[in-house]
Amino acid sequence: MSATPAPIDYTQLAAEIKRWAREFGFADAGITDIDLSDAAQGLDDYLAAGHHGGMQWMAERAHMRVHPEELHPGTLRIICVRMDYAPPEIQSAWDVIHDDSLAYISRYALGRDYHKLIRQRLQKFADRIEREVGPFGYRVFCDSAPIMEKPLAQKAGLGWRGKHTLTLSRSGGSYFFLGEILTDLPLPVDAPVSDHCGSCTRCLDICPTGAIIAPGQLDARRCITYLNIEHKGSIDPELRPLMGNRIFGCDDCQLVCPWNKYAKVTVEADFAPRHGLDHARLIDLFGWDEATWRTNTEGMAVRRAGHEGWLRNIAIALGNARHSPEVIAALHARADHPSDIVREHVQWALAQQAGKRQNSQGTAA
Ligand code: SF4
């Protein structure tokens, strides 16, 4: 007769899971149930107001977002994890933002694409759990499915939603990625985190385009991160001057956040900046032809912009740069680009530069 397996002590297993999470490079882990009814109204309001812009996929799969069990039948709990990505001396990001000859790329996107790295790490984490409890139902995610990762992270105790809408941790600021394991294990859940923004409004005040229209409400249609990554096509000319030199993403709301003095520098070598992209010159990046761009952005999140979007965004930044013969020459070199979108933004940038030249001549006279 074979021995009956010992029943699983889920309280002890939850404690082990949090310990293993750190062994797999996650800075924190928490467990929550699948009830997202509190977040559902916020999602409905966001979509009804059109604040998702052209991200139609958000509306199409809204029901699934608030029902994680539809993503993976049998799901009872979600193990939420956080992985820090901040490079050393992240505050020097301001030096790049304030130098209009340089390209600003969001600090999360300077190294290897986090999606694959975190999914692989979550898979190893799930394998570790399986070695302990035997076969169990699960599915791993990292920003790759209709899942409300921020409300789930808050419920799991990883942090609260800051007024900028990002997840914010008292012990780790906001420079981190989130990942999830949906599971059928009936683990004990953690307590949610309460809000610690208080009377602070720094992120609302600093947003270059006024995209944070109220505490916790982001209009993606004005958000630079949406405009230079998710939005395809022409960018509203009224917003272009406000984008400055931010060619992929934007970090201003995080850089001013007082809680980020507690942000942890990443321990992942794969997140280290590649090709000097943490302080690259706009003109140099604008000179990358498609083959060079493909080679240099292999395996990186900046790929999401596409080469056309990359040139569009840099054209805007060059339009916003101070007048110089080098900037004009770089723009003229792209004036006949086959893409309508690139040509339109190059023409806009040349017009901006022409205006600056006239102004400087008028001042000199
Ligand atoms: S900047 Fe202030 S208001 Fe904004 S998320 Fe940070 S603490 Fe909250």
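Predicted model, so just to flag it, every value in this text is computed and none were measured.

**Things to note about the sheet that holds strand β4 (residues 138-141)**
Strands sit in the order β1-β2-β7-β4 across an open sheet of four strands; the sheet is antiparallel. At either end of the open sheet lies a strand with only one pairing partner, and these are β1 (28-32) and β4. Averaged over all neighbouring strand pairs, the angle between strand axes comes to 20°, with direction disregarded. Inspection of the sheet shows β4 paired to strand β7 (residues 176-183) by four bridges, in the antiparallel sense. Bridging from a neighbouring strand, Arg139 pairs with Leu182 of β7. Running at roughly 145° to β1, helix α1 (residues 10-23) makes contact with β1 and β2 (77-84) of the sheet.

**Focus: the packing of aromatic side chains**
A full pass over the atoms with the stated rule returns 14 aromatic pairs. On the numbers, 5.4 Å between centres and 80° between planes, the contact of Trp160 with Trp259 is edge-to-face. With Trp160 in strand β5 (residues 160-161) and Trp259 in the loop between α10 (252-255) and α11 (282-286), this pair connects stretches of sequence that are 99 residues apart. Stacked on the ring of Trp293, the Lys or Arg Arg303 has its end atom at 5.5 Å from the ring centre.

**What to know about the state of the cysteines**
By the definition in use, this model includes zero disulfides. Counting only cysteine sulfurs, Cys203 is the nearest neighbor of Cys253, a cysteine outside any disulfide, at a range of 6.2 Å. According to the relative accessible area criterion, Cys253 is buried, its value standing at 17%.

**As for the packing of α1 against helix α6 (residues 114-133)**
It is at 10 Å that the axes of α1 and α6 come closest, and there the two elements cross at 145°. The handedness of the crossing between α1 and α6 is right-handed. Contacts between α1 and α6 pair Leu13, Ile17, Trp20 and Ala21 from the former with Phe125, Arg128, Ile129, Glu132 and Val133 from the latter. Within the contact of α1 with α6, the residues separate by chemical class into seven nonpolar, no polar and two charged.

**Describing the site of the ligand**
Taken together, Gly162, Lys163, His164, Leu168, Cys197, Cys200, Arg202, Cys203, Cys257, Pro258 and Trp259 make up the full set of residues near the ligand. Here the shell around the ligand is built from residues that sort into seven nonpolar, two polar and two charged.

Scoring rules and cut-offs
- Residues numbered from 1 in each chain as written.
- Predicted model: local features only at pLDDT ≥ 70, side-chain atom pairs only at ≥ 80, totals over all residues.
- Heavy atoms only, no water.
- Pairing = 2+ DSSP bridges.
- Helix = DSSP H or I, 4+ residues; strand = E, 2+ residues; numbered from the N terminus.
- Axes fitted to C-alpha atoms, helices over the stretch in contact; angles between N-to-C directions.
- Contact = heavy atoms within 4.5 Å.
- Phe/Tyr/Trp six-rings, centres within 6.5 Å; stacked < 30°, edge-to-face > 60°.
- Lys NZ or Arg CZ within 6 Å of the ring centre and 35° of its normal.
- Disulfide = S-S within 2.5 Å.
- Buried < 20%, exposed > 50% of the residue type's maximum accessible area, 1.4 Å probe, protein only.
- Left-handed = near helix turned anticlockwise from the far one by under 90°.
- Nonpolar A, V, L, I, M, F, W, Y, C, P; charged D, E, K, R; others polar.
- Near = heavy atom within 4 Å.

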